[in-house]
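# Remarks on the overall topology
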Amino acid sequence: MTNIIFIGPQGSGKGTQAKILAEKLNIPHISTGDLFRGLTKGPLKEEVDANINQGKLVPDELTVKILKQRISNPDCKKGFILDGFPRNLDQAKLLDNIAKIDKVIEINISDKLAIERISSRISCKKCGAVYNTITNPPNKENICDQCQNELYRRADDNPEAIKKRLETYHKETKPILKKYQSILDSIDGNQEINKIAEQILEKTR
Ligand code: AMP
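In this text the structure is predicted, and so the values were computed from the model without any measurement. Numbers given to residues run from 1 along each chain, matching the order in which its sequence is written. Whole-chain, interface and lining totals are the exception, using all residues; otherwise, since this is a predicted model, local features are given only for residues with pLDDT of at least 70 and side-chain atom pairs are given and counted only at 80 or more. Heavy atoms from the whole structure form the basis of all side-chain values; hydrogens and water molecules are not counted.

### Considerations on the site of the ligand
We call a residue near a given molecule or strand whenever any one of its heavy atoms falls within 4 Å of it. In the region of the ligand, 16 residues are neighbours, and T32, R37, K56, G84 and Q91 sit closest. Burial of the ligand by the protein chains amounts to 97% of its free accessible area of 480 Å². With four residues, helix α2 (residues 32-37) is the largest single contributor of residues to the shell around the ligand. Residues of the shell around the ligand, tallied by class, amount to five nonpolar, five polar and six charged. Accessibility throughout is a Shrake-Rupley quantity obtained with a 1.4 Å probe, and a residue counts as covered only by protein chains that appear here. Only runs of H or I of at least four residues qualify as helices and only runs of E of at least two qualify as strands under DSSP, and these elements are numbered from the N terminus. Residues are grouped as follows: nonpolar covers Ala, Val, Leu, Ile, Met, Phe, Trp, Tyr, Cys and Pro; charged covers Asp, Glu, Lys and Arg; every other residue, Gly included, is treated as polar.

### Quick word on the packing of aromatic side chains
Pairing of aromatic rings covers Phe, Tyr and Trp, the last through its six-membered ring, and needs centres within 6.5 Å; plane angles under 30 degrees mean stacked, over 60 mean edge-to-face, and all others mean tilted. Evaluated as defined, the whole model comprises zero aromatic pairs. Throughout this description, the term charge over a ring refers to an Arg CZ or Lys NZ atom that lies within 6 Å of the ring centre and within 35 degrees of the ring normal. One cation-aromatic arrangement involves K125 over Y152; the distance from NZ or CZ to the ring centre is 4.6 Å.

### Quick word on the environment of N26
Summarising the element assignment, N26 is placed in the loop between α1 (14-25) and β2 (29-31). For N26, a relative accessible area of 55% gives the class exposed. Each C-alpha atom, one on N26 and one on L67, is 19 Å from the other, the two residues being 41 residues apart in sequence. Each residue's exposure class comes from its accessible area (1.4 Å probe, protein chains only) as a fraction of the maximum for that residue type: buried when under 20%, exposed when over 50%, partly exposed otherwise.

### Things to note about the packing of helix α4 (residues 60-71) against helix α5 (residues 89-96)
For helices, the axis comes from a line fit to the C-alpha atoms of the stretch in contact; other axes are also lines fit to C-alpha atoms, and the angle between any two N-to-C directions lies between 0 and 180 degrees. Their axes nearest at 11 Å, the elements α4 and α5 cross at an angle of 35°. Handedness of the α4/α5 crossing: right-handed. Two secondary-structure elements touch here, α4 through D60, T63, V64 and L67 and α5 through D90, Q91, L94 and L95. By convention, the crossing between two helices is left-handed when the near helix turns anticlockwise from the far helix through less than a right angle, and right-handed when the turn is clockwise. What makes two residues a contact is simply this: any of their non-hydrogen atoms within 4.5 Å.

### A word on the pairing of strand β3 (residues 79-83)
The side chains of a regular strand alternate, first on one face of the sheet and then on the other. Counted residue by residue, β3 has five buried out of five residues, so it is predominantly covered. Of the two faces of β3, both are covered, the one formed by G79, I81 and D83 as well as the one formed by F80 and L82. Here, a strand pair is defined by DSSP locating no fewer than two bridges between the strands. By the bridge criterion, three bridges tie β2 to β3 in an arrangement that is parallel. Of the residues in β3, the one forming a bridge with S31 is D83.

### Some details on the environment of L67
Within the secondary structure, L67 sits in helix α4. Judged by its relative accessible area of 0%, L67 is buried. L67 sits 36 residues away from S31 along the chain, and the two C-alpha atoms are 9.0 Å apart. Once residues lying within four places of it in the same chain are set aside, the contact partners of L67 are I30, T32, L82, F85 and L95.

### Comments concerning the packing of helix α6 (residues 111-119) against helix α7 (residues 159-173)
Two elements in contact, α6 and α7, have axes separated by 11 Å at closest approach and are oriented at 140°. Between α6 and α7, the crossing angle belongs to the class labelled oblique. Our pair here, α6 against α7, has a crossing hand that is right-handed. Residues D111, A114, I115, I118 and S119 of α6 lie in contact with α7, whose contacting residues are I162, R165, L166 and H170. Orientation categories follow fixed angle ranges, with anything under 35 degrees roughly parallel, anything over 145 roughly antiparallel, 65 to 115 roughly perpendicular, and all other angles oblique.

### So, the sheet that holds strand β6 (residues 130-132)
The sheet built from three strands is open, its strands ordered β6-β5-β7 with antiparallel pairing. Looking at the sheet topology across the chains shown, the edges are occupied by β6 and β7 (151-152). Examined bridge by bridge, strand β5 (residues 121-124) and β7 share two bridges and lie antiparallel to one another. In the sheet register, S123 faces β7, and the bridge partner there is Y152.

Here is the structure:
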């Protein structure tokens, strides 16, 4: 059983890396952001979107409920990778009641690079693939290489929301790392995707 958490600022590449590692270890990649974006239309989705689009966190109670449901799925029996959860100390404490965490990977980048990367990020709504129009563009403009779906810019990838999300990361998410000190490895996120993936694999073997 390997339960792994990925922590890093927006644009650090944690989603990309979590996907790569999940495939290598054959365990699911669980992104709370993706779970929220995948909700079907209705009052719950409206409440969630109102927070997300302003760059605010979704209330803990709601987030934990959705996460708990997801990790009770049988595909998580052999382990899972959490991307975007926990985002604050309260969530980390609540997670203690749901699962035992074996490893935490932090991916570090500067705020300047985070803003540059998020500003040029485009993603696929269908398969979740993420591209960067400058450093990692799709083969065909605005079309997903993997599923040929049209790519889109996330509503929360606008300058005000990015600023707010980075502030929240430093104020609320980064302090969690102390709690996981004994199982934590930090990786420099300003390297090639494959190089980072190799380093992460080494730390999780
Ligand atoms: P992400 O895809 O990880 O960048 O998440 C997008 C947005 O979803 C965040 O800016 C939050 O509004 C919300 N979100 C994702 N994960 C969490 C979480 N663990 N707690 C609260 N809100 C979250």
